[in-house]
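# Notes for the structure review
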Amino acid sequence: MNEPFPDPFADQPDWAPRPPRPIEIVPATGRVELRGQRVLVGLPGLGWRGDLRADDRVVQGSRTYVPVIPEHEWYRAESDQVEVFAPLVPVERVWVETVGARQADRPGGHETGARLVSLDAPTHRKPTPVFEADAVTGRRVVHVAESVEHRDLRAVTETYSGAEGDICIRVTPEMDWYRWVWRGQSPTTLEVPVHLLWIE
């Protein structure tokens, strides 16, 4: 009679979808594709700057450089097929965001409080469920539906009560997010329940 009751929601991915694969930061000096990739630039011990995209490596003399473009300019160049200015950054000062391998779920949940990092290389937090975030408008999010990860999305609202009674957020593709800036064109959005969204 003292046996625990079985969990009725165990093994039901729709009830508790698995988080998306984490972002891993790797040096651009490695054998990694650069064109269109999100990158960070900076110096160990000093700091890092993100929201940038890279183009293919350029070799000048004996040095290798990476053309680095602010993300909104990269999207404008891709959308309108225009040339944009891309400063050349030494390859050893560029780090690339890649989608890492799925890690085994660890007990204890997500990190809370202060988290110390090394200043030797940029770091990235594990995906955070949207319902645990203070604010989400403008943040990069991942929509996980039926084990498929939909990336390159931005949240355009905070949480609200949807028509079906779910707590939701509206998201838009990043291209539409940035087009909203340079053309003033309202983005096409999708209402997604918060339990299917993670901050990247």
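The sections below set out a description of the structure shown in this document. All values derive from a computational prediction rather than experimental measurement.

## Considerations on the overall build of the protein chain
- Looking only at helices and strands, the protein chain features 2 helices and 14 strands.
- Taking all 200 residues of the protein chain together, the buried fraction comes to 36%.
- Taking as baseline every contact in the protein chain between residues at least 6 positions apart, the subset at least 24 positions apart corresponds to 55%.
- Accessible area of the protein chain: about 12600 Å², with a carbon and sulfur share of 52%.

## Here's the deal with the pattern of salt bridges
- Within the structure shown, the criterion is met by 22 salt bridges.
- The shortest N-O distance in the salt bridge between Glu71 and Arg53 comes to 2.8 Å. Placement of Glu71 in helix 1 (residues 71-80) and of Arg53 in strand 3 (residues 47-54) is noted, with a sequence separation of 18 residues between them.
- According to the relative accessible area criterion, Glu71 is buried, its value standing at 1%.
- Of the charged contacts, one joins Arg63 and Glu92 as a salt bridge, the two residues approaching to 2.7 Å between their closest N and O atoms. Placement of Arg63 in strand 5 (residues 63-70) and of Glu92 in the loop between strand 6 (88-90) and strand 7 (94-99) is noted, with a sequence separation of 29 residues between them.
- Its relative accessible area of 44% is what places Glu92 among the partly exposed residues.

## Examining helix 2 (residues 174-183)
- Within helix 2, the full set of buried residues consists of Glu174, Asp176, Trp177, Tyr178 and Arg179.
- Among the structural elements, strand 2 (38-43), strand 3, helix 1, strand 9 (140-145), strand 10 (148-155) and strand 12 (167-173) are those in contact with the buried residues of helix 2.
- One or two steps after helix 2, the chain reaches Gly184, where phi turns positive at roughly 75°.

## Overview of unusual backbone geometry
- Here Asp51, not a glycine, exhibits a phi torsion of approximately 55°, which is positive.
- One can find Asp51 in strand 3.
- For Ser147, which is not glycine, the phi dihedral falls at a positive 70°.
- In this fold, Ser147 is placed in the loop between strand 9 and strand 10.

## Quick word on the nonpolar core
- Core analysis: the largest hydrophobic core is formed by 13 residues, its most contacted members being Leu34, Val39, Val66, Val68 and Val94.
- Elements supplying a minimum of two residues to this core: strand 2, strand 3, strand 5 and strand 7.
- Other than its neighbours up to four places away in sequence, Leu34 contacts Ala28, Ala54, Asp55, Arg57, Val66 and Val96.

## Here's the deal with the environment of Glu33
- In this structure, Glu33 sits in the loop between strand 1 (23-27) and strand 2.
- The class for Glu33 is exposed, based on a relative accessible area of 54%.
- Distance from Glu33 to Asp56, taken between C-alpha atoms, is 7.8 Å for residues 23 residues apart in sequence.
- The contact partners of Glu33, leaving out residues within four places of it in the chain, are Asp56 and Val96.

Conventions and cut-offs
- Residues numbered from 1 in each chain as written.
- Predicted model: local features only at pLDDT ≥ 70, side-chain atom pairs only at ≥ 80, totals over all residues.
- Heavy atoms only, no water.
- Helix = DSSP H or I, 4+ residues; strand = E, 2+ residues; numbered from the N terminus.
- Buried < 20%, exposed > 50% of the residue type's maximum accessible area, 1.4 Å probe, protein only.
- Contact = heavy atoms within 4.5 Å.
- Areas by Shrake-Rupley, 256 points an atom, 1.4 Å probe, with all protein chains shown as cover.
- Salt bridge = Lys/Arg side-chain N within 4 Å of Asp/Glu carboxyl O.
- Core = buried A, V, L, I, M, F, W, Y, C linked by side-chain atoms within 4.5 Å.

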